[in-house]
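What follows is the residue order along each chain.
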Amino acid sequence: MTSPLLSIAGLSAVSDRDGGALILRDVSLTLERGEVRGLVGESGAGKSTIAKALLGILPRSVRITTGSILFENRGLLTLSARELRGIMGSEISLIPQDPQTALNPGRRIEAQLTDGLRLKRGMSSRDARQRALKLLDEVHIHNPERVLRAYPHELSGGMRQRILIAAAFALEPKLVVADEPTTALDVTVQKQILRLIRGLQEAHGTAVIFVTHDLGVVAQICDSVTLLYAGKVIEEGRTSDVLAHPQHIYTKSLVAAGPRYDRPDAGLTPVPQAVFDQLRREIGIAKESR
Ligand SMILES: Nc1ncnc2c1ncn2[C@@H]1O[C@H](COP(=O)(O)OP(=O)(O)O)[C@@H](O)[C@H]1O
Ligand SMILES: [Mg+2]
């Protein structure tokens, strides 16, 4: 059997900002090559903490206390800063949440798309430019020459998000981490962006960790899903199985509450308080705190 692309085992973390509170509780997760995994949970569940741990960008105020992250059998938590720099952007890359702030406002798109190709892949400026044009075409940007000359403020939010997606796939990484990349977009644009990410990941065989609070998004693009609450894995499995036959009462009430995954515009019904009480008992958190 070949080893998985990514294997997170027994990962726990505390937040110094929240007075040493546990923010990840013994999280384990295995990802195969080319798999799209949804990491889902309400705000504060620990989704971004896991994403940041994968990208080597955890803030100082978050401390990993136990566990390991193996990426192609390399322990990401024990690599030197130099080794991490070799992997990040190149083998693991990020599609960020906010297209407004993720691009450098003072540099043309061409410079921002070609930096990595020149510096990390040793391409000439000319080859990098050709590759950037091809990438823009892959994210369905129809006037790529003009876009390469543009500064970020000259482009719409949807356009900037496409460019960030192109940048994330530029170096043919093995894993793309997308942290709520469609939260800031309206539903129609969101659908297009999800299709785009799915199309690129299929074309390139890239694995994706897709962070979202929305089961509707999971239903649209994820092969498998891991549901978190208060830093603990509550349920995981193939998306179709989990949505059709949720096992945990929390998953059941989320699936029942919506937004309905077949109707993402439908309203939210809150999860009953009794379900949160049960979750906290199971996890062992006091009623007041979270
Ligand atoms: N920079 C930080 N330093 C310390 N603790 C943090 C930091 N960012 C988030 N946390 C804490 O980590 C917990 C999980 O947050 P996060 O991973 O951002 O959740 P999610 O992405 O699921 O909304 C929260 O309790 C939050 O207070
Ligand atoms: Mg987050």
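Residues numbered from 1 in each chain as written. Chains lettered and ligands numbered in written order. Predicted model: local features only at pLDDT ≥ 70, side-chain atom pairs only at ≥ 80, totals over all residues. Heavy atoms only, no water.

Identification of the protein chain as Peptide/nickel transport system ATP-binding protein from Rhizobium miluonense is taken from an unreviewed UniProt entry. Recorded under Subcellular location (unreviewed entry), the UniProt text for the protein chain is reproduced unchanged: "Cell inner membrane". We quote the UniProt Sequence similarities (unreviewed entry) comment for the protein chain here in full: "Belongs to the ABC transporter superfamily." (UniProt positions renumbered as here; feature names shortened; annotations may be inferred.)

This next bit is on the UniProt feature "domain: ABC transporter" (unreviewed entry) in the protein chain. This chain's UniProt record puts "domain: ABC transporter" (unreviewed entry) on residues 6-255. End-to-end, the C-alpha atoms of residues 6-255 are 27 Å apart, and along that stretch the chain is 42% helix and 26% strand. (Helix = DSSP H or I, 4+ residues; strand = E, 2+ residues; numbered from the N terminus.)

To continue, consider unusual backbone geometry. Here Glu 72, not a glycine, exhibits a phi torsion of approximately 45°, which is positive. Along the chain, Glu 72 falls in the loop between strand 4 (62-71) and strand 5 (74-75). Positioned with a positive phi, His 140 is a non-glycine residue whose angle comes to about 60°. By the secondary structure assignment, His 140 is in the loop between helix 5 (125-138) and helix 6 (144-149).

Note on placement: Glu 110 falls in helix 4 (residues 109-121). Each C-alpha atom of the pair Glu 110 and Lys 252 lies 47 Å from the other, and the pair is 142 residues apart in sequence. If sequence neighbours within four positions are ignored, Glu 110 has contacts with Arg 129 and Leu 148. (Contact = heavy atoms within 4.5 Å.)

A few words now on the sheet that holds strand 2 (residues 21-31). Backbone-to-backbone hydrogen bonds pair the strands of a sheet. The strands run either parallel or antiparallel. Spatially, 2-1-4-5 is the arrangement adopted by the four strands of the open sheet, whose pairing is antiparallel. What marks the edges here is a single partner per strand, and that holds for strand 2 and strand 5. Two strands pair when backbone bridges link them, and strand 1 (residues 6-15) and strand 4 are joined in this way by eight bridges, in the antiparallel orientation. Paired with Ile 8 across the strands is Ile 69, a residue of strand 4. In this fold helix 1 (residues 47-55) packs onto strand 1, strand 2 and strand 4, with an angle of close to 65° to the strand it touches most, strand 2. (Pairing = 2+ DSSP bridges. Axes fitted to C-alpha atoms, helices over the stretch in contact; angles between N-to-C directions.)

On the basis of which strands lie adjacent, the open sheet formed by six strands has the order 6-7-8-3-9-10 and mixed pairing. Looking at the sheet topology across the chains shown, the edges are occupied by strand 6 (92-95) and strand 10 (232-238). Strand after strand, the sheet turns through a mean of 15° between neighbouring axes, direction not considered. By the bridge criterion, five bridges tie strand 7 (residues 175-179) to strand 8 (residues 207-212) in an arrangement that is parallel. If you follow Leu 175 over to strand 8, its bridge partner there is Ala 207. Packed on one face of the sheet, helix 1 meets strand 3 (36-40), strand 6, strand 7, strand 8 and strand 9 (224-229) and runs near 145° to strand 7.

Turning to the pattern of salt bridges, a few remarks are in order. With the rule as written, the count across this model stands at 17 salt bridges. Linking Arg 131 and Glu 172 is a salt bridge whose minimum nitrogen-to-oxygen distance equals 3.7 Å. In this pair, Arg 131 sits in helix 5 while Glu 172 sits in the loop between helix 7 (157-169) and strand 7, placing the two residues 41 residues apart along the sequence. By relative accessible area, which is 43% here, Glu 172 ends up partly exposed. One network of salt bridges, in which partners are shared, links Arg 33, Glu 72, Arg 74, Glu 91 and Lys 174. (Salt bridge = Lys/Arg side-chain N within 4 Å of Asp/Glu carboxyl O. Buried < 20%, exposed > 50% of the residue type's maximum accessible area, 1.4 Å probe, protein only.)

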